[in-house]
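# Working through the structure, step by step
For reference, the chains in residue letters:
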Amino acid sequence: MPTIIVVNQKGGAGKSTISVHLARWLQRQKKAPLVVDADGQRTSSIWLESLEYEIPFQVLQDPNELLEQLPKFAETYEWVVVDGPATLSETTRALLLWADLALIPCQPSGVDLASASDTVRLVRQAKAIRGGLPKAAIFLNKAIKGTRLKDEAFAVLQQVQDVNFLETIIHQRQVVADSFGQGATVFDMSGTAAGTARRELERLFKQAVEILNG
Ligand SMILES: Nc1ncnc2c1ncn2[C@@H]1O[C@H](COP(=O)(O)OP(=O)(O)O)[C@@H](O)[C@H]1O
Ligand SMILES: [Mg+2]
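Our subject in this report is the structure included herewith. Computed from a predicted model, the values in this text were never measured in an experiment. (Residues numbered from 1 in each chain as written. Chains lettered and ligands numbered in written order. Predicted model: local features only at pLDDT ≥ 70, side-chain atom pairs only at ≥ 80, totals over all residues.)

## Considerations on the sheet that holds strand 4 (residues 79–83)
Applicable threshold: Here the rule is simple: two strands pair whenever DSSP picks up at least two bridges between them. Numbering of helices and strands runs from the N terminus, with a helix taken as a DSSP run of H or I at least four residues long and a strand as a DSSP run of E at least two residues long. Any two residues are considered in contact once their C-beta atoms, placed from the backbone, lie within 7 Å. Convention adopted: a line fitted to C-alpha atoms gives each axis, helices being fitted over their contacting stretch, and angles between N-to-C directions are expressed from 0 to 180 degrees.
Strand order in this open sheet of seven strands is 3-2-4-1-5-6-7, and the pairing throughout is parallel. This sheet does not close on itself; its edge strands, each paired only once, are strand 3 (57–59) and strand 7 (164–165). In this sheet, strand 7 lies alongside strand 6 (residues 135–140) in parallel orientation, the contact comprising two bridges. Paired with Ile-138 across the bridge in strand 7 is Phe-165. Strands in contact with helix 8 (residues 192–213) are strand 5 (101–106), strand 6 and strand 7; relative to strand 6, the strand with the most contacts, it is inclined by about 160 degrees.

## Comments concerning the site of ligand 1
The test is simple: Any residue qualifies as near a molecule or strand once its backbone-derived C-beta atom lies within 6 Å of it. Only Asp, Glu, Lys and Arg are considered charged in this grouping, and only Ala, Val, Leu, Ile, Met, Phe, Trp, Tyr, Cys and Pro are considered nonpolar; every other residue, Gly among them, is considered polar.
Not every one of the 17 residues close to ligand 1 is listed here, only the nearest: Lys-15, Ser-16, Thr-17, Val-176 and Ala-177. Listing elements by their share of the shell around ligand 1, those giving two or more residues are helix 1 (15–28) and helix 7 (174–179). Per element, the largest residue contribution to the shell around ligand 1 is three residues, and it comes from helix 1. Among the residues forming the shell around ligand 1, the class breakdown is six nonpolar, eight polar and three charged.

## Comments concerning the pairing of strand 1 (residues 3–6)
Walk down a regular strand and you will see the side chains alternate between the two sheet faces. Note the following rule: In this scheme the burial state of a residue depends on its C-beta neighbours within 10 Å: 20 or more other such atoms mean buried, 12 or fewer mean exposed, and anything in between means partly exposed; the C-beta positions come from the backbone.
Residues Thr-3 and Ile-5 of strand 1 are buried on one face, and the alternating residues Ile-4 and Val-6, pointing to the opposite face, are buried as well. In this sheet, strand 4 lies alongside strand 1 in parallel orientation, the contact comprising four bridges. Looking at the pairing, Ile-5 lines up with Val-82 of strand 4. Both strand 1 and strand 5 contribute to a ladder of three bridges, which runs parallel. Paired with Val-6 across the strands is Leu-103, a residue of strand 5.

Right under this line is the structure:
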């Protein structure tokens with residue numbers, strides 16, 4: 001079924017965090033996800049191994065293997081979430097040739113906005129080849145409330161052509177940063193902070209699925 005690639009060559013943008021949380025969110029709705037870890041750092045597969053429950057994953061970075069295996073995964077699993085690599089490589093191009101949705105997390109800083117535009121360029125190239133696919137959505141991650149950077153980044157991302165801007169902002173939250181070390185996601189953690197983070201992510205994921213289905 002649908003394949004979502006979480007993509008941005010900038011390390012630290014939140015690809016692995018978003019991939020693991022998206023997979024958990026889908027699983028909690030009984031939509032069987034598979035995570036494909038396409039990043040050499042293996043953050044998401046290490047994270048998934050540490051969870052108390054099982055979310056299936058595959059570690060796969062070779063572009064040829066990805067193009068051969070992804071169609072099979074899409075037949076077997078209801079959802080495929082790909083944690084993209086930290087480079088704009090052949091692997092990224094291969095993923096964009098197959099994915100239904102490119103989900104692009106972006107930190108609110110000038111450097112990150114510039115690197116997101118490199119990612120968007122590849123998305124545009126894939127869209128031209130594939131007649132409009134993959135659909136694409138960009139959003140702010142690790143935003144800090146009340147900062148000018150956040151407002152400026154919001155304005156910049158709204159202007160990006162050919163990519164949907166998701167208005168839900170994911171804020172920088174300690175509970176999200178802690179979740180990897182706790183072998184959990186905020187969907188499994190208790191307390192008010194986890195609840196707030198959870199609601200924010202839920203809203204984001206619903207918007208992303210709407211873009212995918214729209
Ligand atoms: N919304 C957030 N709030 C706080 N920390 C975050 C958030 N998103 C990501 N992080 C942290 O930022 C760092 C980079 O995130 P990660 O998901 O590994 O990015 P990437 O996979 O793009 O390199 C990690 O330490 C992660 O815990
Ligand atoms: Mg990562």
